[in-house]
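Close look at the chain arrangement
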Amino acid sequence: MIKKIFFGIGLAVVLGIVGLVNFAGGKSYNTDFVPPSGLNEQTWPELIGGMPRQLQKLDFANGSVKGGVARYGQGAAIVIVSAADQAALDAFVETSVRPDLEIYGSKSSGKLNGAWWVKATGNPGRLYAWQKQNWFYSVQTANDDLFDEAVKKFAFIASE
């Protein structure tokens, strides 16, 4: 009887961990790519969902966080920023990224080994964001198909 109880508890813990790992659409992503040496128009995919990129420059905290966002109509947006230091990047994520998670049904974020990760799903779609060195990337789409297309076309993330 006690073995069955411990087995049941162990099974519940394992299933909970698997569910957490698979939270962002059930897929794993490789984000271990060398950050860009700089940003130019070609850093972002040209088209997603048939919509051309519309670039907007981003500048936060008196220039300590700089980058851009490419919007693809109402269906997708990809953000790339670099920060002068970790404190500036932390402030950017805390004030400009994490508050936006409230619109999603399922969401999680935090730091692992000092690097940010953010995942969210539900209405209005999907969000996946991560830190690599002093760079921060975010892919946000209105649905899973656009997210899969963005991952295929964006050079800093790949499906595993």
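The rules behind these values
Residues numbered from 1 in each chain as written. Predicted model: local features only at pLDDT ≥ 70, side-chain atom pairs only at ≥ 80, totals over all residues. Heavy atoms only, no water. Phe/Tyr/Trp six-rings, centres within 6.5 Å; stacked < 30°, edge-to-face > 60°. Helix = DSSP H or I, 4+ residues; strand = E, 2+ residues; numbered from the N terminus. Buried < 20%, exposed > 50% of the residue type's maximum accessible area, 1.4 Å probe, protein only. Polar contact = N/O pair within 3.5 Å; in protein donor to acceptor, adjacent residues only side chain to side chain. Contact = heavy atoms within 4.5 Å. Pairing = 2+ DSSP bridges. Arc of directions from axis to C-beta. Axes fitted to C-alpha atoms, helices over the stretch in contact; angles between N-to-C directions.

**Looking at the packing of aromatic side chains**
Each aromatic ring pair is described using two quantities: the centre-to-centre distance and the angle formed by the ring planes. As enumerated under the stated definition, the model contains eleven aromatic pairs in all. Summarising the aromatic geometry, the rings of Y29 and F147 are spaced 5.6 Å apart at their centres and angled 75° between planes, so their arrangement reads as edge-to-face. A residue pair is termed long-range when its members are at least 10 positions apart, and Y29 in strand 1 (residues 29-30) and F147 in helix 3 (residues 144-153) qualify at 118 residues. For Y29, a relative accessible area of 8% gives the class buried. Judged by its relative accessible area of 1%, F147 is buried. Taking 5.2 Å as the distance between ring centres and 20° as the angle between the ring planes, the aromatic pair formed by W130 and Y137 counts as stacked.

**Here we look at the side chain of R53**
You can see R53 is positioned in the loop between strand 3 (51-52) and strand 4 (54-60). At a separation of 3.1 Å, a polar atom in the side chain of R53 contacts the side chain of E41. Look past the residues within four positions of R53 in its chain and what remains in contact with it is E41, Q42, W44, P45, E46, A70, R71 and Y72.

**Some remarks on the pairing of strand 9 (residues 125-132)**
Of all eight residues in strand 9, eight are buried; the element is thus mostly enclosed. One ladder, built from six bridges, connects strand 8 (residues 115-122) with strand 9; its direction is antiparallel. Looking across to strand 9, one finds that W117 is bridged to W130. Between strand 8 and strand 9, which follow one another and run antiparallel, lie two residues. The pairing of strand 9 with strand 10 (residues 135-141) spans seven bridges and is classified as antiparallel. Within the sheet, the bridge partner assigned to Q131 lies in strand 10 and is F136. Counting the residues in the hairpin turn of strand 9 and strand 10 gives two residues, including Q133, whose phi is positive at 60°.

**A word on helix 2 (residues 86-97)**
Of the positions making up helix 2, those classed as buried are A88, L89, F92, V93 and V97. Looking down the long axis of helix 2, one finds its buried residues gathered within 135° of arc, a one-sided arrangement. In this structure, helix 2 carries A87 and T95 as exposed residues pointing more than 90 degrees from its buried face. Residues of helix 2 that are buried sit in contact with strand 4, strand 5 (65-72), strand 6 (76-83), strand 8, strand 9 and strand 10. By the N-cap criterion, in which a side-chain oxygen at the helix start approaches the backbone nitrogen of a residue two or three places on, helix 2 is capped by D85, the distance to A87 being 3.3 Å.

**Points about the sheet that holds strand 7 (residues 106-112)**
Taken in spatial order, the seven strands of this open sheet run 4-5-6-10-9-8-7, and their pairing is antiparallel. In the strand order of this sheet, the two ends are held by strand 4 and strand 7, each with one partner. Taken pair by pair, the neighbouring strands of this sheet meet at an average axis angle of 10°, ignoring direction. Taken together, the seven bridges between strand 6 and strand 10 define a ladder with antiparallel strand orientation. Counterpart to A76 in the pairing with strand 10 is T141. Across the face of the sheet, helix 3 comes into contact with strand 6, strand 9 and strand 10 while running at roughly 145° to strand 10.

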